[in-house]
Amino acid sequence: MVRIVHLADTHLGYKQYNLEEREKDIYDVLEEIGDKILEEHADIVIHSGDLFDSPRPTTQAYYAFKKFLKRLDGKVEFFAVLGDHDKPKARGMPPHKLFDDQIQTLGVAGVSENQQISVDGKKVLIAGISHLSRTYRPILVEELKKLENLKTQADCRVLALHEAIDKFFPFEEACEISLTELPKNFRYYAMGHLHSRIKASYGQGELTYPGSTEIMRSDEIGGWKKLGKGFFIVDVENEKVDVAEVNLERIRPQIEVKLSYAHLTDELEEFVKKIGDCEKLPVVHVRVEGKEIDRQGVHQTLSDVLTGKVLTFRQVIVEESEMRLPELRPGSFHINQVLKDYLKDEKVAQLAVEMLKCLRQGDMEGAKSVADGYFQRLKGGE
Ligand SMILES: [Mn+2]
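Definitions and cut-offs
- Residues numbered from 1 in each chain as written.
- Predicted model: local features only at pLDDT ≥ 70, side-chain atom pairs only at ≥ 80, totals over all residues.
- Heavy atoms only, no water.
- Buried < 20%, exposed > 50% of the residue type's maximum accessible area, 1.4 Å probe, protein only.
- Helix = DSSP H or I, 4+ residues; strand = E, 2+ residues; numbered from the N terminus.
- Pairing = 2+ DSSP bridges.
- Axes fitted to C-alpha atoms, helices over the stretch in contact; angles between N-to-C directions.
- Parallel < 35°, antiparallel > 145°, perpendicular 65-115°, else oblique.
- Left-handed = near helix turned anticlockwise from the far one by under 90°.
- Contact = heavy atoms within 4.5 Å.
- Nonpolar A, V, L, I, M, F, W, Y, C, P; charged D, E, K, R; others polar.
- Donors = N, O, S within 2.8 Å, 3.2 Å for Na, K, Ca; no water.
- Expected span 1.5 Å × (residues − 1).
- Arc of directions from axis to C-beta.
- Salt bridge = Lys/Arg side-chain N within 4 Å of Asp/Glu carboxyl O.
- Disulfide = S-S within 2.5 Å.

A. Just the pairing of strand 10 (residues 205-209), in detail. Of all five residues that make up strand 10, four are buried, and the element is covered over most of its length. Relative to strand 10, strand 8 (residues 188-192) is paired through three bridges, and the arrangement is parallel. Each bridged residue has a counterpart across the sheet, and for Ala190 the counterpart in strand 10 is Thr208. In this structure, strand 9 (residues 198-202) lies alongside strand 10, joined through five bridges in antiparallel fashion. What sits directly across from Ser201, in strand 10, is Glu206. Two successive antiparallel strands, strand 9 and strand 10, enclose a turn made up of two residues, where Gly203 displays a positive phi of approximately 50 degrees.

B. Fine view of the packing of helix 8 (residues 346-360) against helix 9 (residues 364-379). Close contact between helix 8 and helix 9 brings their axes to 7 Å; oriented N to C, the two are set at 165 degrees. Between helix 8 and helix 9, the interaxial angle falls into the category roughly antiparallel. Crossing handedness for the pair helix 8 and helix 9: right-handed. Here Lys347, Val348, Leu351, Glu354, Met355, Cys358 and Leu359 of helix 8 lie close against helix 9, whose contacting residues are Met364, Gly366, Ala367, Val370, Ala371 and Tyr374. Tallied by class, the residues present in the contact of helix 8 with helix 9 amount to 10 nonpolar, one polar and two charged.

C. Fine view of the coordination of the manganese ion. Around the manganese ion, the protein contributes the donor atoms Asp50 (OD), Asp84 (OD), His162 (NE2) and His193 (ND1), which lie 2.1 to 2.3 Å from the metal centre. When the donors of the manganese ion are listed by position in the chain, the intervening gaps give D-x33-D-x77-H-x30-H. Within this pair, whereas Asp84 is found in the loop between strand 3 (77-80) and strand 4 (103-105), its partner His162 is found in strand 7 (residues 156-162), the two being separated by 78 residues in sequence. Relative accessible area serves as the criterion here: at 29%, Asp84 is assigned to the partly exposed category.

D. The packing of helix 5 (residues 264-275) against helix 6 (residues 295-306), seen in detail. Here helix 5 crosses helix 6 at 30 degrees, and the two axes come no closer than 11 Å. Here helix 5 lies roughly parallel to helix 6, going by the angle between them. In this structure, helix 5 crosses over helix 6, and the sense of that crossing is right-handed. The segment helix 5 lies against helix 6, with Leu264, Leu268, Glu269, Phe271 and Val272 engaging Val298, Thr301, Leu302, Val305 and Leu306. Considered class by class, the residues forming the contact of helix 5 with helix 6 number eight nonpolar, one polar and one charged.

E. Focus on helix 2 (residues 59-72). With 14 residues, helix 2 extends 20 Å between its outermost C-alpha atoms, agreeing within 8% with the 20 Å of an ideal straight helix rising 1.5 Å per residue. Of the residues making up helix 2, those classed as buried are Ala61, Ala64, Phe65, Phe68, Leu69 and Leu72. Taken down its axis, helix 2 places every buried residue within 130 degrees of arc, on the same side. The exposed residues of helix 2 that point more than 90 degrees off its buried face are Thr59 and Lys70. At its buried positions, helix 2 is contacted by helix 1 (20-40), strand 3 and strand 4. Asp73, located one to two residues past helix 2, shows a positive phi value of around 50 degrees.

F. Quick look at the pattern of salt bridges. Per the stated rule, a full pass over the model turns up 26 salt bridges. Between Arg3 and Glu40 there is a salt bridge, and its shortest N-O distance comes to 3.3 Å. You can see Arg3 sitting in strand 1 (residues 2-7) and its partner Glu40 sitting in helix 1, a full 37 residues away along the chain. Residue Lys146 is joined to Glu143 by a salt bridge in which the shortest nitrogen-to-oxygen separation is 2.9 Å. Here Lys146 and its partner Glu143 are both found in helix 3 (residues 137-148), three residues apart, which amounts to about one turn of the helix. A relative accessible area of 5% places Glu143 in the buried class.

G. How the structure looks around the state of the cysteines. Summed over the entire model, instances satisfying the criterion amount to zero disulfides. Of the cysteine sulfurs around Cys358, a residue in no disulfide, the closest is that of Cys175, at 18 Å.

Listed below in structure tokens is the structure:
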């Protein structure tokens, strides 16, 4: 049996809300991961990208990873691919290079690489390509094809990638590959990049995104509450691939709460009672709804009641008169439909979609010309 720990998107060095504590949270969770890897007696660890939050990590981030590797003490074979966050621009040296005596980083130069290792008498092939952006899509597709045709004697093939796959991501134009472009003859597809947990069967094996190891953005709260966060432990035995979640307990809780402006103080007191005792004070996201809201007053009230009971709070004020925003649930919406629902006009929605396509890639000129075209047509009375 081959036992693999698969993790991704640890984003070492990330400092949510620019808070010292939030940076430490990320390192704290890494320590917990280290403990759990040892408990699980894994043979192989695969990190599928965005190990660091930046291609030029701070000393603190380097130090946290150094400590983590020291804890593993060479007990596992460690493989990684680079993510969009930790891949240097142009041909710079990736931060992983500092640890190249302990980890193997695959496919840094835009071509796939693979390593065959022997575990428990089985030959395991680990292949990987570091992140390639959409600009290099043809190369990525080509490399994936090569992997499909790779001649190997391996008993078990594993592929590590850091890309968004269309099937699991609602922003079609931000995806690098579609599911069917992946080779089908691998047993395990160790993906990174999407921060929510995803498990699916594909080809001759299982495909997963373990997701981020801490809550990096508020849109990850729902997924964390429902499924937890952490990494996967994967057992490969002959024809069987078994994927199990390992949940992390040291993640700082984040809570979303909706309060009405009319009963702000009462509802807030009620909420505070429910926070309960957490080892780490939570991050709280407050949404206040009502009429003619005094923003500063709300901030003062929240601050008076919440200080000392939460690490930090973020407030969103919603006036009743404001257009109601469509509710977004990760994984279940399509951006074109959302814009159509919101803007309630097919032609304007189309304009928004086209502009979004350009703006996502930083193409300001393209967006301008799309807008110009729209107004030309409008003037022409089309
Ligand atoms: Mn990423």
